[in-house]
Amino acid sequence: MFINHDYIYNLLENANKATNDEIQSVLNKAKAVKGLSHKDIAILLQIKEPSQLKELFKLAGQVKDSIYGNRVVVFAPLYISNYCVNNCTYCGYKRDNHINRRKLSREEIQEEVKLLEKMGHKRLALEVGEDPVNCPIEYIIDAIDAIYETTNQNGEIRRINVNIAATTVDNYKKLYDANIGTYILFQETYHQPTYESTHPKSLKGNYEYHLTAFDRAMEAGLDDVGGGVLFGLADYKFEVMGLMLHNEHLENNFGVGFHTISVPRLKKAEGMDLNMFSNILSDDEFKKIVAIIRLAVPYTGIILSTRESKEMRKELMNYGVSQISAGSCTGVGGYREKEDGKDAAQFSIEDDRSPLEVLKELVDDNFIPSYCTACYRKGRTGDTFMKLAKSGQIHNVCTPNALMTLMEFALDYGDKDLYDKVQKTVISEVNKIEKNNLKNLIFNNIERLKQGERDLYI
Ligand code: SF4
Ligand code: SF4
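Conventions adopted
- Residues numbered from 1 in each chain as written.
- Chains lettered and ligands numbered in written order.
- Predicted model: local features only at pLDDT ≥ 70, side-chain atom pairs only at ≥ 80, totals over all residues.
- Heavy atoms only, no water.
- Helix = DSSP H or I, 4+ residues; strand = E, 2+ residues; numbered from the N terminus.
- Contact = heavy atoms within 4.5 Å.
- Areas by Shrake-Rupley, 256 points an atom, 1.4 Å probe, with all protein chains shown as cover.
- Lys, Arg positive; Asp, Glu negative; His and termini not counted.
- Charge placed at Lys NZ, Arg CZ, Asp CG, Glu CD.
- Near = heavy atom within 4 Å.
- Nonpolar A, V, L, I, M, F, W, Y, C, P; charged D, E, K, R; others polar.
- Domains from an automatic or database assignment.
- Salt bridge = Lys/Arg side-chain N within 4 Å of Asp/Glu carboxyl O.
- Core = buried A, V, L, I, M, F, W, Y, C linked by side-chain atoms within 4.5 Å.
- Buried < 20%, exposed > 50% of the residue type's maximum accessible area, 1.4 Å probe, protein only.
- Axes fitted to C-alpha atoms, helices over the stretch in contact; angles between N-to-C directions.
- Parallel < 35°, antiparallel > 145°, perpendicular 65-115°, else oblique.
- Left-handed = near helix turned anticlockwise from the far one by under 90°.
- UniProt positions renumbered as here; feature names shortened; annotations may be inferred.
- Phe/Tyr/Trp six-rings, centres within 6.5 Å; stacked < 30°, edge-to-face > 60°.
- Lys NZ or Arg CZ within 6 Å of the ring centre and 35° of its normal.

Asker: I'm lost on the overall build of the protein chain in this one. Help?
Answerer: Looking only at helices and strands, one finds 20 helices and 11 strands in the protein chain. With respect to the three principal axes, the spread of C-alpha positions in the protein chain is 60 × 55 × 40 Å. Long-range contacts, defined here as pairs at least 24 residues apart, represent 74% of the contacts in the protein chain between residues at least 6 apart. On the protein chain, roughly 18300 Å² of surface is accessible, and the fraction owed to carbon and sulfur atoms is 47%. In the protein chain, 57 side chains carry a positive charge and 65 a negative one; their mean positions are 4 Å apart.

Quick look at the structure:
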């Protein structure tokens, strides 16, 4: 088993004795942007000194900037079925909860997608509970087809990332054939005893089957996979080491590790009490985790959801987060219900601003919000993508694509205030680019967008 619990306990125990000098030398090493060893990561997890924490945060922001530039990718989740045969102790959709179970019809899915497109979204994360009878793979494949097919004036979904339960190679092949972006699956916790107690008597309760899901996905050809942990279930230090070992296992066996890592924190949900959980993180611990992941796996995207407050999201954007959701609903049919003033969610969210509001703040904070979906449509996935990221050249495609998709948003979904901000951003960002041909390409494409063309990318 590649998550060796004793190995992790030993690493953490030894790192516990790390001196400030040892911590400092790991921080210095991280500046080279080459990733860190297990021992280094375990040492960074011990940081307590405010001055070293500050340095860690600053460094994480610089590392993210040096690889991806200041773009932040924006997406939304789409929940289409809350049927679930599992009983995860932390989840509002667990089978013991007497909630209204439903799944959306093809027409209802298209109605939700139109509402998402009206908000300007181009990237979705498709979410379902696990239920082989009520929500079989055929239903998922049909939903993906319905989403790609749905347009609303200039609106279209260009990339669907999919978050479904661990399954078979055959089912993953079906997802591959359906042209998905990233296959996302959270391990929830790498700590086996905690995994087994929080997933009692259920399909999902098989730790090893869940842990090896990405091996089967890779075998099926899905080379873009996104991992994650639900922070708050087990000791966060153990979880970060688990993520690293999992990533390394995939790199060693398939040549490519996680495309993204999600960092959800346990939140209050229907039928659960946060007091039942003894590993709830403080905000400072959470910030430390995000920054350490950024230094440990510099090329992996870090995704933050609307579970976090707008203040926390704003801060973490400076410590290495590279993707955020915006305008999210976490209930089945939630976008229609929100329009009607109702919402039944899987968990509670903290940041309920519209994408337009989120984008304005990002631009004000000198980020470039991006709806870019270029890499997967250009075939830059798996190790092809990682090679480009590791060459230090990915920002040469991220920045132009971010600016073009931002202008597209401003033209189709923005108000005058956003449009003016975006104009200024385009000029100041293009002026920072050294290559003349790239500058010309961006200016040229921005003009083409203003003339009515859409979906320009490199
Ligand atoms: Fe079902 Fe997923 Fe919730 Fe577990 S976390 S109860 S599998 S929807
Ligand atoms: Fe992501 Fe590639 Fe677009 Fe950059 S160019 S934002 S890595 S899809």
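Asker: Any chance you could explain the site of ligand 1 here in plain terms?
Answerer: Surrounding ligand 1, one finds 10 residues, the nearest of these being C84, N86, C88, C91 and K204. Taken together, the residues that form the shell around ligand 1 break down as 5 nonpolar, 3 polar and 2 charged.

Asker: Explain the site of ligand 2 to me, please; I cannot follow it from the model alone.
Answerer: Around ligand 2, a shell composed of R71, V73, R123, C372, A374, C375, R380, F385, V397, C398 and N401 is seen. Of all the elements in the fold, those that place two or more residues in the shell around ligand 2 are β1 (71-81), α16 (374-377) and α18 (395-413). Residue contributions to the shell around ligand 2 peak at 3 residues, all from α18. Tallied by class, the residues present in the shell around ligand 2 amount to 7 nonpolar, 1 polar and 3 charged. A domain-level breakdown of the shell around ligand 2 finds at least three residues from each of domain 2 (70-352) and domain 3 (390-450).

Asker: When you look at the pattern of salt bridges in this model, what are you seeing that I'm missing?
Answerer: Where charged atoms from two side chains of opposite charge approach closely, those side chains can pair. Counting across every chain of the model gives 33 salt bridges. Salt bridges sharing partners connect three or more residues here, namely E156, R158, R377, E408 and D455.

Asker: Which parts of the structure should I look at to understand the nonpolar core?
Answerer: As a rule of thumb, nonpolar side chains are buried together in soluble globular proteins. With 152 residues, the main nonpolar core has L44, L56, L175 and Y183 as its most contacted residues. Among the elements that line this core, the one with the most residues is α18, at 10 residues. The contact partners of L175, leaving out residues within four places of it in the chain, are I137, I140, I141, I144, V162, I164, I180, Y183 and L222.

Asker: Any chance you could explain the packing of helix α1 (residues 5-15) against helix α11 (residues 236-254) here in plain terms?
Answerer: Two quantities define a packed helix pair, namely the angle between the axes and the distance from one axis to the other. Where α1 meets α11, the closest approach of the two axes is 10 Å, and the angle between their N-to-C directions is 125 degrees. Classified by the angle their axes make, α1 and α11 are oblique. Like other packed secondary-structure pairs, α1 and α11 cross with a definite hand, here right-handed. Touching H5, Y7, I8, Y9, L11 and L12 of α1 are K237, F238, M241, G242 and L245, all from α11. Looking at the contact of α1 with α11, its residues break down into 8 nonpolar, 2 polar and 1 charged.

Asker: Can you help me understand the UniProt feature "domain: Radical SAM core" (unreviewed entry) in the protein chain in this one?
Answerer: Annotation from UniProt places "domain: Radical SAM core" (unreviewed entry) at residues 70-307. A distance of 22 Å separates the end C-alpha atoms of residues 70-307, which is 37% helix and 16% strand.

Asker: Would you mind going over the packing of aromatic side chains with me for this structure?
Answerer: Two descriptors summarise a pair of aromatic rings, namely the distance from one centre to the other and the angle between the planes of the rings. A full pass over the atoms with the stated rule returns 9 aromatic pairs. Measuring from centroid to centroid gives 5.4 Å for Y195 and Y207, while their planes differ by 75 degrees, and the two rings are edge-to-face. Here Y195 is found in helix α8 (residues 192-198), whereas its partner Y207 is found in helix α9 (residues 207-211), with 12 residues between them in sequence. This pair shows no difference in class: Y195 is buried, exactly as Y207 is. Put simply, the rings of Y172, Y183, F214 and F258 touch in pairs and so form one group of aromatic residues. Positioned over the ring face of F286 is R265, at 4.3 Å from the centre of the ring.

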